[in-house]
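Reading the structure
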Amino acid sequence: MKLRILLLCIILTPMMANAEIYKWKDKDGRVRYSDIPPPSNIKQESLYGKKIPKPTGQQPLSPVEGETGAAIDKANEKVSSDKVPMSKEEAAEKRAKDAEQEKLKSEVKKEEDLAKAENCKAAQANLLTYNQGGRIVKANEQGEREYLTDADIVKGRSEAQAAVDKYCS
């Protein structure tokens, strides 16, 4: 039986390796690799698999990271053509200001993600403590040890599960 399963796996392995992989650069100049073709307005090359499909000129069915749609680009061009062109200094100042705002946003996001990860780890440790069973001891206000009752353990377990659901999703 094991020999048949092994033989079947060996036979099916080349079929799984026949995936088509695309390589392209996004709007920020980063090289992206994916098994999903990039939007039709981006130059691409196929690394493995079948030949590259011809672009259809339509928007992709699913959103692609780093992609701005053609409609958004057209709207931005229309808005920018209505404005008075900025001088080089004004444009550089605007880019610097935008870059600083993006940097602040990314730092805040990074801090939030780090805090969420720490909260998740603590919530999982608390839940593990309640799920292990046995007697659980906590210190009261005077620093004395108190054993939790079964009702307290059930309540603590449900609170710990709620914290895991909140921070680990």
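A brief structural summary.

About the thresholds
- Residues numbered from 1 in each chain as written.
- Predicted model: local features only at pLDDT ≥ 70, side-chain atom pairs only at ≥ 80, totals over all residues.
- Heavy atoms only, no water.
- Core = buried A, V, L, I, M, F, W, Y, C linked by side-chain atoms within 4.5 Å.
- Buried < 20%, exposed > 50% of the residue type's maximum accessible area, 1.4 Å probe, protein only.
- Helix = DSSP H or I, 4+ residues; strand = E, 2+ residues; numbered from the N terminus.
- Contact = heavy atoms within 4.5 Å.
- Expected span 1.5 Å × (residues − 1).
- Disulfide = S-S within 2.5 Å.
- Salt bridge = Lys/Arg side-chain N within 4 Å of Asp/Glu carboxyl O.

The next point concerns the nonpolar core. General note: in soluble globular proteins, nonpolar side chains tend to be found buried as a group. Residues Ala123, Leu127, Tyr130, Ile136, Leu148, Ile153, Ala160 and Val164 constitute the largest nonpolar core, which totals 8 residues. For this core, the elements supplying multiple residues, two or more each, are α3 (88-132) and α4 (150-167). Discounting residues that sit within four places of it in the chain, Leu127 has contacts with Arg157, Ala160, Gln161 and Val164.

With 45 residues, α3 extends 65 Å between its outermost C-alpha atoms, agreeing within 8% with the 66 Å of an ideal straight helix rising 1.5 Å per residue. Those residues of α3 lying buried are Ala91, Cys120, Ala123, Leu127 and Tyr130. Packing partners of the buried residues in α3 comprise β4 (137-139) and α4. Just beyond α3, the residue with positive phi is Gly133, at close to 85 degrees.

It is worth spelling out the state of the cysteines at this point. Linking two cysteines covalently via their sulfur atoms produces the bond known as a disulfide. On inspection of all chains with the given rule, the structure shows 1 disulfide. Here Cys120 pairs with Cys168 through a disulfide, and the sulfurs are 1.9 Å apart. The chirality of the disulfide connecting Cys120 with Cys168 is right-handed, given an S-S dihedral of about 115 degrees. Taken together, the positions of Cys120 in helix α3 and Cys168 in the segment after α4 put the pair 48 residues apart, joining distant regions of the chain. Residue Cys120 is classed as buried on the basis of its relative accessible area of 12%.

Summed over the entire model, instances satisfying the criterion amount to 4 salt bridges. Note that Asp28 and Arg30 form a salt bridge whose closest N and O atoms lie 3.3 Å from each other. Judged by relative accessible area, Arg30 falls into the partly exposed class, the value being 45%. Asp98 is the partner of Lys94 in a salt bridge, and the nearest nitrogen-oxygen pair spans 3.2 Å. Taken as a pair, Lys94 and Asp98 lie in helix α3 at a separation of 4 residues, close to a single helical turn.

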